[in-house]
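The primary structure of each chain is shown beneath.
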Amino acid sequence: MSRVGFVGAGRMGAPMVRRLAEAGQDVRVLGRSTEKRDAITELGGQPVADLAEVADGAEVVAVCVLTDEQVREICIDGGLLDAMSPGSVLVVHTTGSPRTVEALAGHRPAVRVIDAPVSGGPHDIAAGHITLFVGGDDAAVEQARPVLAGYGDPILHVGRLGAGQWVKLINNTLFAAQLGMLREAAAFGARVGVDEAGLLGAIKHGSAASRVAEIVGMRGSVQAFVDSVGEFIGKDVAVVRTIAAENGSDLGLLEPLLDTVVPVESER
């Protein structure tokens, strides 16, 4: 049984902790309040009070929080990286800028860093088949693989450190762009008298079928789906727009489609 450190046992992190504990891993999870510690115990993890205890003796430490800023606060400002043992692996599940994981690796070269943003939801983690887009060197990924396999399948090693973030951001950009295409199609359908729910229900049986169209079709309208996931889509689209601009690029033909779902003004 190996020791795993974990920070962020929330909506996505909680089922990860549960699966690791059920697989027999010794999971030390940050829990600063009584309520949080009780929840961690119920998941099968061992609650600890500070980041040094999360890192103590852990071969792998996973961070699953909401934002880049939180990742930096925990790993650099909060001292998690400095507390980790040389040769251990930090896994960043948070979707964010590729530059963040590069900064983490630069802060403490003795610790191996990999980025492993996820595609899917808590129900996929609970079932053990959340998709992981992983970036990092081969040795670090292989060292972390037994932990990732506790909840991830497939585990897709897509390249160097930061590549996992790029793939996730591009994936989510395409996802949002497809929502924009569906919105335009539904608007055209409305102009010619075709009901949106009927259109979406029919598309999944035609040559324009896609996973996005199927998911949206279950809600009956593009707007209903966007309303339910807009916060998460908006965060990722804002990141990819920013990073593309910093690299002197843009999103080309994707941009006007994105703007129908996540207008630039909404990110400010």
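All figures in this text were calculated on a predicted structure; none of them were measured in a lab.

Rules used in this analysis
- Numbering of residues starts from 1 in every chain and runs along the sequence as written.
- Selection of residues for local features in this predicted model requires a pLDDT of at least 70, selection of side-chain atom pairs for listing and counting requires 80 or more, and totals for whole chains, interfaces and linings are taken over all residues.
- Each side-chain value is worked out from all heavy atoms of the structure, with water and hydrogens disregarded.
- The helix count covers DSSP runs of H or I at least four residues long, the strand count covers runs of E at least two residues long, and both are numbered beginning at the N terminus.
- To get the radius of gyration, use the C-alpha atoms; to get the globule rule, take the number of residues to the power 0.38 and multiply by 2.2 Å.
- Working definition: with a 1.4 Å probe on protein chains only, accessible area under 20% of the residue-type maximum means buried, over 50% means exposed, and in between means partly exposed.
- Using the Shrake-Rupley algorithm and a 1.4 Å probe, accessible areas are obtained, with residue cover drawn only from the displayed protein chains.
- Directions drawn from the helix axis to the C-beta atoms are what define this arc.
- Whether two residues are in contact is decided by their heavy atoms: any pair within 4.5 Å suffices.
- Among buried residues, the Ala, Val, Leu, Ile, Met, Phe, Trp, Tyr and Cys ones that are joined through side-chain atoms within 4.5 Å form a nonpolar core.
- Salt bridge, as used here, is a side-chain nitrogen of Lys or Arg placed within 4 Å of a carboxyl oxygen of Asp or Glu.
- At least two DSSP bridges between two strands are needed for those strands to be called paired.
- A residue counts toward a patch only above 30% relative accessible area and without a salt bridge, and it is joined to like-charged neighbours within 9 Å or, for Val, Leu, Ile, Met, Phe, Trp and Tyr, to nonpolar neighbours within 5 Å.

Chemist: Can you walk me through the overall build of the protein in this structure?
Modeler: When its secondary structure is counted, the protein shows 13 helices and nine strands. Radius of gyration (C-alpha) of the protein: 20 Å, near the 18 Å computed for a compact globule of 268 residues. Scored against the burial criterion, the 268 residues of the protein give a buried share of 47%. Carbon and sulfur atoms make up 54% of the accessible area of the protein, which amounts to about 12,300 Å² in all.

Chemist: Please clarify how helix α4 (residues 68-77) should be interpreted in this entry.
Modeler: Every α-helical turn comprises 3.6 residues, leaving residues that sit three or four positions apart pointing alike. Within the span of α4, buried status applies to Asp68, Val71, Ile74 and Cys75. Viewed end-on, α4 has its buried residues packed into an arc of 135 degrees, placing them on one side of the element. Residues of α4 that are exposed and point more than 90 degrees away from the buried face comprise Glu69 and Asp77. Of the surrounding secondary structure, the elements contacted by the buried residues of α4 are β1 (3-7), α3 (51-55), β4 (60-63), α5 (80-83), β5 (89-92) and α6 (98-107).

Chemist: Would you mind going over the nonpolar core with me for this structure?
Modeler: One broad trend across soluble globular proteins is that nonpolar side chains are buried collectively. Counting 31 residues, the largest nonpolar core has Phe6, Val91, Ile114, Leu132, Val134, Leu148 and Tyr151 as the members making the most contacts within it. Sorting the residues of this core by element identifies β1, α1 (13-22), β2 (26-30), α2 (34-43), β4, β5, β8 (130-135) and α8 (138-148) as the ones contributing at least two each. If one sorts the elements of this core by residue count, α8 sits on top with five residues. Those residues within four positions of Phe6 in sequence are excluded, and the remaining contacts are Gly13, Met16, Val17, Leu20, Val27, Arg28, Val29, Leu30, Val54, Ala62 and Cys64.

Chemist: Explain the environment of Val54 to me, please; I cannot follow it from the model alone.
Modeler: Here Val54 is to be found in helix α3. For the pair Val54 and Phe6, spaced 48 residues apart in the sequence, the C-alpha separation amounts to 6.5 Å.

Chemist: Sorry, what's going on with the environment of Val147 here?
Modeler: With respect to the element layout, Val147 can be found in helix α8. C-alpha separation for the pair Val147 and Val4, spaced 143 residues apart in sequence, amounts to 7.9 Å. Leaving out residues up to four positions away in the same chain, Val147 has contacts with Val4, Leu20, Gln25 and Val60.

Chemist: Would you take a moment to explain the pattern of salt bridges for this structure?
Modeler: Opposite charge on two side chains makes pairing possible when the charged atoms of those side chains draw close. What the rule picks out here adds up to eight salt bridges. Glu255 is the salt-bridge partner of Arg241, the closest N and O atoms lying 2.5 Å from each other. Taken together, the positions of Arg241 in helix α12 (residues 222-246) and Glu255 in helix α13 (residues 254-259) put the pair 14 residues apart, joining distant regions of the chain. Assessed through its relative accessible area of 11%, Arg241 is described here as buried. Classification of Glu255 by relative accessible area gives partly exposed; the value is 24%. When salt bridges that share partners are traced, they join Arg3, Asp26 and Arg28 into one network.

Chemist: I keep staring at the side chain of Thr95 and nothing clicks. Help me out?
Modeler: The topology assignment puts Thr95 in the loop between β5 and α6. Judged by relative accessible area, which is 10%, Thr95 ranks as buried. With residues near it in sequence (within four places) discarded, Thr95 still touches Leu66, Pro117, Gln165, Lys168, Leu169, Lys235 and Asp236.

Chemist: Even after reading the chapter, I still don't get the pairing of β2, so can you show me in this structure?
Modeler: Most of β2 is tucked away: five of the five residues are buried. Sheet topology note: the β1/β2 ladder contains four bridges and is parallel. Bridge pairing in β2 links Arg3 to Asp26. As judged from the three bridges shared by β2 and strand β3 (residues 46-48), these two strands associate in the parallel manner. By the bridge assignment, Arg28 is partnered in β3 with Gln46.

Chemist: Mind showing me how you'd approach the environment of Ala163 here?
Modeler: Its place among the elements puts Ala163 in helix α9 (residues 163-191). In the structure, Ala163 is positioned 69 residues away from Thr94 in sequence and 13 Å away in space, judged by C-alpha atoms. Ignoring sequence-local partners within four residues, the contact set of Ala163 consists of Asp115, Gly135 and Val158.

Chemist: Explain a nonpolar patch on the surface here, please?
Modeler: On the surface, Phe188, Val192 and Val194 cluster together into a nonpolar patch covering about 280 Å² of accessible area. According to the relative accessible area criterion, Val194 is partly exposed, its value standing at 40%.

So yeah, pure geometry; function would need other evidence.
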